[in-house]
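If you want the building blocks of each chain, they are given just below.
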Amino acid sequence: MDTAGATPQGAGTSVLVRGLCAVGNAARGLGRYLEGVLGADKYRVYLEHQARTHPGVEPMGEREFWRDYTDWQEKNPQGRCC
């Protein structure tokens, strides 16, 4: 039996795993992109900003942040559809 051109057992699995990892990374990237477009990442960005610029100050909770943000939007209408 000639095994000169044969691939080692399990080599196809590593290609499959790499492919699945690539698909997973692409899906996470797409999710991050959509969060940014839809504004769902605003709280995460707020937390990063607070940690960077105000390290000793306790940040608002997520519910409080969104309440404050929507109040701000109502007082300062900008170019939005609704």
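Treat the numbers as computed from the prediction; the structure is a model and nothing was measured. In this convention, every chain numbers its residues from 1, walking through the sequence in written order. Residue-level local features of this predicted model are given only where pLDDT is at least 70; pairs of side-chain atoms are given and counted only at 80 or more, and the full residue set underlies all totals for whole chains, interfaces and linings. Side-chain metrics in this entry use all non-hydrogen atoms of the structure; hydrogen atoms and water are not considered.

Visitor: Whenever I open this one, the overall build of the protein confuses me. Can you help?
Guide: Scanning the protein from terminus to terminus reveals three helices and zero strands. Burial classes follow relative accessibility: with a 1.4 Å probe on protein chains only, a residue under 20% of its type's maximum area counts as buried, one over 50% as exposed, and anything between as partly exposed. Of all 82 residues assigned to the protein, the portion counted as buried reaches 7%. Only DSSP runs of H or I with at least four residues qualify as helices, and only runs of E with at least two residues qualify as strands; both kinds are numbered from the N terminus onward.

Visitor: Please explain the confidence of the model for the protein as it appears in this structure.
Guide: Any segment with low pLDDT has predicted coordinates that should not be analysed in fine detail. One number per residue, pLDDT, summarises how confident the predictor is, and it ranges from 0 to 100. Averaged over the protein, the pLDDT score is 82; the fraction of residues at 70 or greater is 80%. When mean pLDDT is taken per element in the protein, helix α2 (residues 42-53) scores highest with 94 and helix α1 (residues 11-38) scores lowest with 82.

Visitor: How do you make sense of the environment of D41 when you look at a structure like this?
Guide: Mapped onto the secondary structure, D41 falls in the loop between α1 and α2. Classification of D41 as buried rests on a relative accessible area of 15%.

Visitor: Hey, could you run me through the pattern of salt bridges in this one?
Guide: Two side chains with opposite charge may pair up if their charged atoms get near one another. Salt bridge, as used here: a side-chain nitrogen of Lys or Arg that lies within 4 Å of a carboxyl oxygen of Asp or Glu. On inspection of all chains with the given rule, the structure shows two salt bridges. With its nearest N and O atoms 3.6 Å apart, the salt bridge here joins R44 to D41. One salt bridge connects R44 with E48, and the closest N-O pair in it is separated by 3.1 Å. Placement of both R44 and E48 in helix α2 is noted, with a separation of four residues, approximately one turn of the helix. Several salt bridges converge on common partners, so that one network encompasses D41, R44 and E48.

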